[in-house]
Amino acid sequence: MNIAWFKDISNKDVPLVGGKGASLGEMYSNEFPIPNGFVVTSEAFKNFIESTGIAPKIFKILKETNVKDNAELQKASKDVGKIVLETPMSKEMEEDIVENYEILAEEGEFVAARSSATAEDLPEASFAGQQATYLNVKGEKQILAAVKACWASLYTARAIYYRTKNNFPHEQVYIAVVVQRMVNSEKAGVMFSVNPLNEKNNEILIESTYGLGESVVSGSITPDDYTVDKNTMEILGRKIVRKEWFLTKDLKGKNIKKDVPEKYQNVSSLSDDEIKQLAVLAVKSEKHYDKPQDMEFAIEGKDVFIVQSRPITTLNKKKEVVVEDKKEDQMEIGEAKLLVSGLQASPGVGRGKVQIVRGLDDLGKVKKGDVLVARMTTPDYVPAMERASAIVTDSGGSTCHAAIVGREMGLPVVVGTEVATNKLKPGMFVTVDASKGRVYEGDVYIEVETEERVDIKTNIKVKVIMDLPDYAEKAALTGADGVGLLRGEFINLGNKEHPVYMINSGRGEEFISHLVENMKKVVKAFKGKPVWYRTLDAPTDEFRNLPGGEDEPEEDNPMMGWRSIRRSLDQPELLKAEYEAVKRVHDAGFTNIGIMIPLVTSVEQIYKAKKIFKEATGMEPIKDIDFGVMIETPASVQIIEEICKEGVSFVSFGTNDLTQFTLAVDRNSAKVQKLFNELHPAVLRQIHYVIKVCKRYKVVTSICGQAGSKPEMAEFLFNEGINSIAANPDAVNTIRKLIAKLEGKL
Ligand code: PEP
Ligand code: MG
């Protein structure tokens, strides 16, 4: 079957029409107002590559490609893409597609062609966003070309790399193409069937603006927002903002910005009637899927359309956790066998089968719910970590990669066990009690304590540390007063390439857009609250794993090597690209973004970093944008007075590095973790001195090292008079409560 219309598709048809096609079909056939369409099925694609005889050629090329060699990878992608594009499809298939397009075109000439990849028998194959979409396609020739182009996009370098790295056999991944009527949207936006801002179950949140919904989804404008009572459908609140421009299509179908006429700028984009119609649909969708939904809508004339509906993934898990009762066959902790123990790096309990990951080739073995065991994780592990129920590592301390990422994902993590990869065996069922740093054999009952959340405004700002922009909304749910550290390096992980390689091979724009897109997720989730983006600080050993990173120099001691601002000044093209991304985010109205420079050891570095910023963006650091530095070397402590005189908006203590360099303790070595102590007098005295000097110069002080999540450190900093503290998402509540108490508010 080459073609399936939405009306004949349900959720069960993922193998035939891909995830996107199946969910659109499911909604259409359940009478949601979805713009009509059909899917060119995965069978059609399979049929195409098989009947034309190109399948063996394609898979031979892919098999022989070393994806770690970027030149080879790019060539393979180009060669395979060319084969797909230049091989004609059969006359019958062409006719099939065109005939169905003509039927659809009676409802509206413009259609969108969207790729919808699907993997046979492979659970959790998340290919979202990897393949192409073509909007505003019109006419026979164009639709055929768009389908072909979507097919070819199954073989972009990024997609090949991702599949190879995650062990998805290329032969088992197919692609379907959704062909859907384009709505000529006059107003559009998003809505949530549970208010994600306060997690109130009985509130629907709608955000809307004029024109195309992309401006709301991407966060490039501030939308009007409305809250509706789910039971009575009463409109509880509305916030109407000034809307100066909107996104629309020109005659050729290209997206353009247009000015909103003065008299409509301060008017509500939705009528009460539309708000209610939407709210009814939100309820219907939540009922249908039996889960809170996050939906996109578009309104054309009098017609309200739903464009997408998917479960809200960011609701605070803590609140959903019902304290578990002991199951009959679960062991009591007293009778359980303790296999290994290590440091508690991210709290919680996880259970599942052990999978040992010794390198990238093993990542695909990790299935949903498994316990990922490794010597240490790297940024490439993130997709597999997302599938895991817990992480256990041999090495590392509380500031290592696994710990940082795990905390952000809300995943239980035990690090520094020294022996987990030897002692734990693949397939073994274990219970990880990360709150105590222990791993037990079998299914063990562990009592979980949950903490009540306090929402008190403190004078000292309690902020959050962020690495993964996809978790920004979740982090925002902590109610944190901003992001005290947004690490640049994690944004560049997984299937992405080495940034300098991208810039040098003429693809700087791609790198910048990727940064912009990810920064926006964060500044949007923390609207109106400061977000300090820290420029790239990956050591050479982490960069080396990225495609294009093969030429990274070998260093005996990467932590003290070519990283952070010293590297950025040697490679100003990299720093400029990051600055450009920050400027674009700032220009899009997110003036809450700021810049933070890592591992400073001299005033000259700060002077140069500011100078390059001015040249690259035309903006004035400090005056136009927050521009601060990290205090994470003893050198920066000693010259704090000169730093203040040079001029910075703020300083932030990076106690992970400051402790490492003060105590000469490698922060990643399990053997010396017992000596890693951020509360060591040598560290505390430096902090004391810096805060004292900064006060004199009216420079804001903050902390963004892991120690900010520790109550003892937070109390010390409170007494020293620090201005803000950034904690891990899971610690924000505890630290806020502590500060509120110290401020006499609790
Ligand atoms: C630090 O050193 O404390 C810090 C926050 O930076 P990172 O952990 O990224 O080195
Ligand atoms: Mg640091």
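What counts and how
Residues numbered from 1 in each chain as written. Chains lettered and ligands numbered in written order. Predicted model: local features only at pLDDT ≥ 70, side-chain atom pairs only at ≥ 80, totals over all residues. Heavy atoms only, no water. Near = heavy atom within 4 Å. Polar contact = N/O pair within 3.5 Å; in protein donor to acceptor, adjacent residues only side chain to side chain. Helix = DSSP H or I, 4+ residues; strand = E, 2+ residues; numbered from the N terminus. Nonpolar A, V, L, I, M, F, W, Y, C, P; charged D, E, K, R; others polar. Pairing = 2+ DSSP bridges. Axes fitted to C-alpha atoms, helices over the stretch in contact; angles between N-to-C directions. Contact = heavy atoms within 4.5 Å. Parallel < 35°, antiparallel > 145°, perpendicular 65-115°, else oblique. Left-handed = near helix turned anticlockwise from the far one by under 90°. Buried < 20%, exposed > 50% of the residue type's maximum accessible area, 1.4 Å probe, protein only.

**Let's talk about the site of ligand 1**
In the vicinity of ligand 1 there are 14 residues, among which Arg487, Arg534, Glu632, Asn656 and Arg667 approach most closely. Arg534 places a side-chain nitrogen or oxygen 2.8 Å from an oxygen atom of ligand 1. No other element matches the three residues that helix α22 (residues 655-663) contributes to the shell around ligand 1. The residue makeup of the shell around ligand 1, split by class, is three nonpolar, four polar and seven charged.

**Considerations on the sheet that holds strand β24 (residues 531-534)**
The strand order β22-β23-β24-β25-β26-β27-β28-β29 describes a closed barrel built from eight strands, whose pairing is parallel. Neighbour to neighbour, the strand axes of the sheet diverge by 30 degrees on average, direction disregarded. Sheet analysis places strand β22 (residues 461-466) next to strand β29 (residues 724-727), joined by four bridges and oriented parallel. Within β29, the position partnered with Lys461 by the bridge is Ser724. Contacting β22, β23 (483-487), β24 and β25 (593-597), helix α15 (residues 499-525) runs over the sheet at an angle of about 150 degrees to β24.

**Observations regarding the packing of helix α4 (residues 70-86) against helix α6 (residues 140-152)**
In the contact formed by α4 and α6, the axes pass within 9 Å of each other and the chain directions differ by 155 degrees. As far as their axial angle goes, α6 and α4 are roughly antiparallel. Relative to α6, α4 is oriented so that their crossing is right-handed. On α6, the residues touching Gly81, Val84 and Leu85 of α4 are Lys148, Ala149, Trp151 and Ala152. Tallied by class, residues from the contact of α4 with α6 come to five nonpolar, one polar and one charged.

**Regarding the sheet that holds strand β9 (residues 235-239)**
On the basis of which strands lie adjacent, the open sheet formed by six strands has the order β9-β8-β7-β6-β12-β13 and antiparallel pairing. The open sheet has two edge strands with one neighbour each: β9 and β13 (303-311). Taking each pair of neighbouring strands and ignoring which way they run, the sheet shows an average axis angle of 20 degrees. Looking at chain direction, strand β12 (residues 293-300) and β13 are connected through eight bridges and run antiparallel. Note on β13: the bridge partner recorded for Glu296 is Gln308. Seen against the sheet, helix α9 (residues 272-289) touches β6 (187-192), β7 (203-210), β8 (224-229), β9, β12 and β13 and runs at an angle of roughly 140 degrees to β12.

**A look at unusual backbone geometry**
Non-glycine residue Asn136 carries a positive phi angle of around 55 degrees. Within the secondary structure layout, Asn136 lies in strand β4 (residues 133-137). A relative accessible area of 12% means that Asn136 is categorised as buried. Of note, Ser564 is a non-glycine position whose phi angle comes to about 55 degrees, a positive value. In this structure, Ser564 sits in helix α17 (residues 564-570).

By themselves, these observations are geometric and do not establish any function.
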